[in-house]
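Examination of the molecular architecture
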Amino acid sequence: MNDFIEEFRALLGQLSPEERDEAVDFYTEYLQDGGYDSYDDCVRELGTPHQLARKVLADYSIRTLNEPASDGSRKKQPKNDVKTIWLIVLAVLSTPVTIPLALGIFGLSIGIFVTAFGVIVGLLGLLFGVMFGGLGSLVIGIGLLPTDAWLGLLYTGTGLMIVGLIVMMTPVFSAAFNGVIRGVTNFSRWAYRKLVPKNRAEKHGRGPQQ
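Residues numbered from 1 in each chain as written. Predicted model: local features only at pLDDT ≥ 70, side-chain atom pairs only at ≥ 80, totals over all residues. Heavy atoms only, no water.

The name an unreviewed UniProt entry gives the chain is DUF1700 domain-containing protein, with Lentilactobacillus sunkii as the organism.

Okay, here's the thing in structure tokens:
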């Protein structure tokens, strides 16, 4: 059992020391109470240390997202969402998926991720395309000023207008980007609950991340 717990602890490096100790203490107590002494007994009961660690990391990350957001955490929200999505994906991939419903949800998840990625790439492509178009018009306009002042002013004014619009629309693009990430995160949490059931320790008692 000690080898199982030590391997499990080593895989929880993303957690804070307090959270890591909380998770390790919970599962150590459960295994001790159940008399699971050997490494193989622990694996049969809770899965491999990698499977258990991935589930615990995903659970803690989801719990963090559910906590009230402070000003500092709001700024980090998109980054935290992406981290949570990644941890959920790892947890799902480490869980045997055999029932048809789970396979359907997993396939739908892949479709959602691909669509969201396409939307994000499209938004970024539109933003950079319009921005470079405006900068190009501005450069052309400045180059034309010595030879054709009116045409140069036209290009320069158009370029400045486009650049100004991009600056004004940046919050809109940022909100759209964050909205896509948030939507994928919410779907991931829903799919995670459907695909990754509670292990026996969590069913037996209230887990550390609940």
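**Concerning the side chain of T185**
Our working rule: Helix and strand assignments come from DSSP, with helices taken as H or I runs of at least 4 residues and strands as E runs of at least 2, each series counted from the N terminus. The classification of residues rests on relative accessible area computed with a 1.4 Å probe and restricted to protein chains. Under 20% of the type maximum is buried, over 50% is exposed, and intermediate values are partly exposed. Pairing of N or O atoms within 3.5 Å defines a polar contact, subject to two protein rules: one partner must be a possible hydrogen donor and the other a possible acceptor, and residues neighboring in sequence count only if both atoms are side-chain atoms. We call two residues in contact whenever any of their non-hydrogen atoms come within 4.5 Å of each other.
One can find T185 in helix α8 (residues 149–195). Exposure remark for T185: the relative accessible area of 0% places this residue in the buried category. A distance of 2.8 Å separates a polar atom in the side chain of T185 from the backbone oxygen of I181. Look past the residues within four positions of T185 in its chain and what remains in contact with it is L65, D81 and I85.

**Side note on the layout of surface pockets**
Filter applied, for reference: Using only the protein atoms, space was sampled on a 1 Å grid; points where a 1.4 Å probe fits but cannot get out form cavities, open sets with protein on both sides within 12 Å along at least five of seven lines form pockets, and lining residues are those with an atom within 4 Å of a point. Grid points are joined across faces, edges and corners, and a volume is the space filled by probe spheres set on the points. Asp, Glu, Lys and Arg are counted as charged, while Ala, Val, Leu, Ile, Met, Phe, Trp, Tyr, Cys and Pro are counted as nonpolar; the rest, among them Gly, fall into the polar class.
Approximately 320 Å³ is the volume attributed to the largest pocket. Lining the largest pocket are 17 residues, with L46, G47, T95, P197 and N199 positioned closest to its centre. At the level of secondary structure, the elements contributing two or more residues to the lining of the largest pocket comprise α3 (39–46) and α4 (49–66). Here the element with the most residues in the lining of the largest pocket is α4; it accounts for 4 residues. Class assignment for the residues of the lining of the largest pocket results in 6 nonpolar, 5 polar and 6 charged.

**Describing the packing of aromatic side chains**
Rule in force here: Working definition: rings of Phe, Tyr and Trp (its six-membered ring) pair if their centres are within 6.5 Å, and the pair is stacked with planes under 30 degrees apart, edge-to-face with planes over 60 apart, and tilted otherwise.
Taken as a whole, this structure holds 6 aromatic pairs when the rule is applied. Both rings, one in F26 and one in Y27, keep their centres 4.9 Å apart while their planes meet at 85°; by these two values the pair is edge-to-face. Each member of the pair F26 and Y27 is classed as buried. For the ring pair F187 and W190, a centre distance of 5.6 Å and an interplane angle of 40° mean the geometry is tilted. Taken together, the residues span about one helical turn, with F187 and W190 both in helix α8 at a distance of 3 residues. By relative accessible area, which is 16% here, F187 ends up buried. Through successive ring pairs, a cluster of aromatic residues spans F8, F26 and Y27.

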